[in-house]
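Here's the letter readout for the chains.
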Amino acid sequence: VGAIAGGYAGKGVGELIDPTTEDAWLRENFSSRPYVQKGETIDTYRPAYTYGGYAEDQHAGKRFSDIEGDLKAGWEKTEHGAKMAWDRAKGAVKDAFDYRSAHRYGTDAHERHAARPYEEIESDLSEGWETTRDASGRTWDEARYAVKDAYDRKCRLRDENLKIDRSVTDNPGRKDVAP
């Protein structure tokens, strides 16, 4: 799952997705997913999760249903496609695709809402989710976790950058920092 986050940094989002958070979401929800068959583990679907993350990075802003045919054809060309038919892999691919889509929505929301606290804008994000191009079939309750993670992560990065910038401008004579 870490490959989903770290390996595919499409449009700069990959570096903002914490593989630990994404992996936690998958682990917490894995057993309840409708495609999971008795006795299967999360490792059974890792290639499909990786493929879904890659697919969303490559097709950002598109709905899963609009590109499913292309994704199926691509999956069938992989070594994993020979081991797991698309009908079995599709649910896991879509889960990773949808998680990334929600994460992207949260990252983009940070810019639109001027980094206001998440709690102040959650209702706006919820309303916007229903009409956004990234809605991808997930309900707001299903997407909220990834949206909040992305929004909060972007806020933390902004705060860290401000601290670094202040450190440089407040101490112009320091020799250990570039002007």
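Residue numbers here run from 1 along each chain, matching the order of that chain's written sequence. Under the rules for a predicted model, residues below a pLDDT of 70 receive no local features and side-chain atom pairs below 80 are neither given nor counted, while totals for whole chains, interfaces and linings still include all residues. Working from all heavy atoms in the structure, the side-chain values ignore hydrogens and water.

K.L.:
Looking at this structure, I do not really get the packing of aromatic side chains. What am I missing?
P.N.:
For any two aromatic rings, the description comes down to two numbers: the centre-to-centre distance and the angle of the planes. Aromatic pairing here means that ring centres of Phe, Tyr or Trp (its six-membered ring) are within 6.5 Å. Orientation follows from the plane angle: under 30 degrees is stacked, over 60 is edge-to-face, and everything else is tilted. In total, this model carries seven aromatic pairs according to the counting rule given. Ring centres of Y51 and W75 lie 5.4 Å apart, and the angle between their planes is 65°; on these two criteria the pair is classed as edge-to-face. One end of the pair, Y51, is in helix α3 (residues 42-58); the other, W75, is in helix α4 (residues 64-77), and 24 residues separate them in sequence. Judged on exposure class, the residue Y51 and its partner W75 are both buried. A run of H or I in DSSP becomes a helix once it reaches four residues, and a run of E becomes a strand once it reaches two; helices and strands are each numbered from the N terminus. To sort residues, take the accessible area from a 1.4 Å probe on protein chains only and compare it with the maximum for the residue type: under 20% means buried, over 50% means exposed, and anything in between is partly exposed.

K.L.:
What's the story with helix α6 (residues 86-112) in this structure? I'm lost.
P.N.:
Residues lying three or four places apart along an α-helix face the same way, a consequence of the helix completing one turn every 3.6 residues. With 27 residues, α6 extends 37 Å between its outermost C-alpha atoms, agreeing within 8% with the 39 Å of an ideal straight helix rising 1.5 Å per residue. α6 sits mainly inside the fold: 19 of its 27 residues count as buried. Phi turns positive, to about 50°, at A114, one or two residues after α6. By definition here, a helix of n residues has an expected span of 1.5 Å times n minus one.

K.L.:
Looking at this structure, I do not really get the nonpolar core. What am I missing?
P.N.:
Generally speaking, a soluble globular protein has its nonpolar side chains buried in company with each other. Nine residue types can take part in a nonpolar core, namely buried Ala, Val, Leu, Ile, Met, Phe, Trp, Tyr and Cys, and a core is a set of them joined through side-chain atoms within 4.5 Å. Counting 37 residues, the largest nonpolar core has Y45, Y49, L125 and V147 as the members making the most contacts within it. Of all elements in the fold, only α2 (19-30), α3, α4, α6, α7 (118-131) and α8 (140-170) reach the threshold of two or more residues within this core. In terms of residue count, the dominant contributor to this core is α6 (ten residues). Working rule for contacts: check all heavy atoms of both residues, and any pair within 4.5 Å makes them a contact. With near-sequence residues (within four places) excluded, V147 lies in contact with A102, Y105, G106, Y118, L125 and W140.

K.L.:
Would you mind showing me how to read the pattern of salt bridges here?
P.N.:
Once their charged atoms are close, side chains differing in charge can pair, the charge on each being opposite to the other. One side-chain nitrogen of Lys or Arg within 4 Å of one carboxyl oxygen of Asp or Glu is enough to make a salt bridge. In total, this model carries eleven salt bridges according to the counting rule given. When the shortest N-O distance is used, the salt bridge between D95 and R33 registers 2.8 Å. Of this pair, D95 sits in helix α6 while R33 sits in the loop between α2 and α3; the two residues are 62 residues apart in sequence, bridging distant segments of the chain. Of the two residues, D95 and R33, neither departs from the other in class, the shared state being buried. Between R100 and D57 there is a salt bridge, and its shortest N-O distance comes to 2.7 Å. Taken together, the residues span a long stretch of sequence, with R100 in helix α6 and D57 in helix α3 at a distance of 43 residues. This pair shows no difference in class: R100 is buried, exactly as D57 is. Each of the salt bridges in this network shares a partner with another, and the network as a whole consists of E56, D57, R100 and R104.

K.L.:
Hey, could you run me through the packing of α6 against α7 in this one?
P.N.:
The packing of two helices is summarised by the inter-axis angle and the distance between the axes. A fitted line through C-alpha atoms represents every axis, and for helices the fit uses only the stretch in contact; the resulting angles, taken between N-to-C directions, go from 0 to 180 degrees. Two numbers describe how α6 lies on α7: the axes approach to 12 Å, and their chain directions differ by 125°. Between α6 and α7, the angle is such that the two are oblique. Considering how the two elements wind past one another, α6 and α7 form a crossing that is right-handed. Contacts between α6 and α7 pair A102, Y105, A109 and R112 from the former with D124, L125, G128 and W129 from the latter. When describing relative orientation, an angle under 35 degrees is termed roughly parallel and one over 145 degrees roughly antiparallel, while 65 to 115 degrees is termed roughly perpendicular and anything else oblique. Should the near helix be turned anticlockwise from the far one by less than a right angle, the crossing is termed left-handed; should it be turned clockwise, right-handed.

Without other data, these values stay purely geometric and don't point to any function.
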